[in-house]
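# Residue-level structural notes
Here is what each chain is made of, one letter per residue.
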Amino acid sequence: MRMNAMAFHITMRPTSDTWIAESTASRRRLARLFYACGNARGLMAFRAADTHVHALVGGPREVAGEFARAVQISMRQTLRLPHPFEPARIRPVDTFKHLRSTVAYLLRQTEHHGLGAFDREHEASSLLDLLGMRCIDSQPTSLRLFAALPRLSRADLLGFLGVPLTVPPDANHYLLAAPAVVALPSLARFVAARSARNALLSLLRGKLPITVIAERLAINKRTLHRDHEPPQPALVRAIELHASLRASLERPSELERPSEGG
């Protein structure tokens, strides 16, 4: 069955085998810049591997090329990459079956390339946003993918994580998850962090003293006391889900562990 609207699979890599987003902070910046460049340019999904990035873009070939140019310039500047990019490889995706397999291939990049522990949290990927595990400006991109693949289920997306969410998180996992759900290096000194702090405080109430939370977040205790607005449900849920992912990656469930002597 041929699709009415053409889509394109774009692969981008620097001219030298430079890691594109090696640190957690750079992976979070990459996610933000992809949506900034792609929400209005047909972006449907993306995933960075070690030395290259894949993206899926809907619309005409000209739009795919425009997106590739914009995001390459932004990556070079924002991530301070030492080398320019090769010409982007832009390949058509023209059937629903091809589109579905491309999404699976793209979101399973670390598994496909055998990258082991690289970005197991999927921070340099649109998967977190599709699963409600991150709350940044991703809605146009996510809606575009779901419209193109209406049968793409939550179970499918959870399968791309590489680990079942079977381990309950603790307070430490919530503290680690909160900056990730807003794609910031920390919850201090960023205006966009206040809503995440409110959501985090609602989850940690009764679990940790406010002094401990302030110390862990490197924030003045008085600042936390001022964060008393009602938490946003989407952010609370995102922190819960992301914390569960981190807990499950850190400590696999009994079902995942090999049996003794096996």
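The rules we used
- Residues numbered from 1 in each chain as written.
- Predicted model: local features only at pLDDT ≥ 70, side-chain atom pairs only at ≥ 80, totals over all residues.
- Heavy atoms only, no water.
- Core = buried A, V, L, I, M, F, W, Y, C linked by side-chain atoms within 4.5 Å.
- Buried < 20%, exposed > 50% of the residue type's maximum accessible area, 1.4 Å probe, protein only.
- Helix = DSSP H or I, 4+ residues; strand = E, 2+ residues; numbered from the N terminus.
- Contact = heavy atoms within 4.5 Å.
- Pairing = 2+ DSSP bridges.
- Phe/Tyr/Trp six-rings, centres within 6.5 Å; stacked < 30°, edge-to-face > 60°.

Residues Ile 10, Met 12, Leu 30, Phe 34, Phe 67 and Met 75 are the most contacted members of the largest nonpolar core, which totals 30 residues. At the level of elements, β1 (2-12), α1 (24-38), β2 (43-48), β3 (53-58) and α2 (61-78) are the ones that each hand at least two residues to this core. Leave out the neighbours within four places in its chain, and Phe 34 touches Met 12, Asn 39, Leu 43, Phe 46, Val 53, Ala 55, Phe 67, Val 71 and Met 75.

Among the six residues in β2, six count as buried, and that is most of the element. Here β2 runs beside β3; their pairing, made up of five bridges, is antiparallel. By the bridge assignment for β3, Phe 46 is matched with Ala 55. Counted along the chain from β2 to the antiparallel partner β3, the turn is four residues long.

This next bit is on the packing of aromatic side chains. The way to describe two aromatic rings as a pair is by their centre distance and the angle between their planes. Under the counting rule described, the total for this entry stands at three aromatic pairs. Ring centres of Tyr 35 and Phe 46 lie 5.3 Å apart, and the angle between their planes is 75°; this geometry places the pair in the edge-to-face category. Of this pair, Tyr 35 sits in helix α1 while Phe 46 sits in strand β2; the two residues are eleven residues apart in sequence, bridging distant segments of the chain. Using a relative accessible area of 4% as the deciding quantity, one classes Tyr 35 as buried. Within the aromatic cluster, the residues linked to one another by ring pairs are Phe 34, Tyr 35, Phe 46 and Phe 67.

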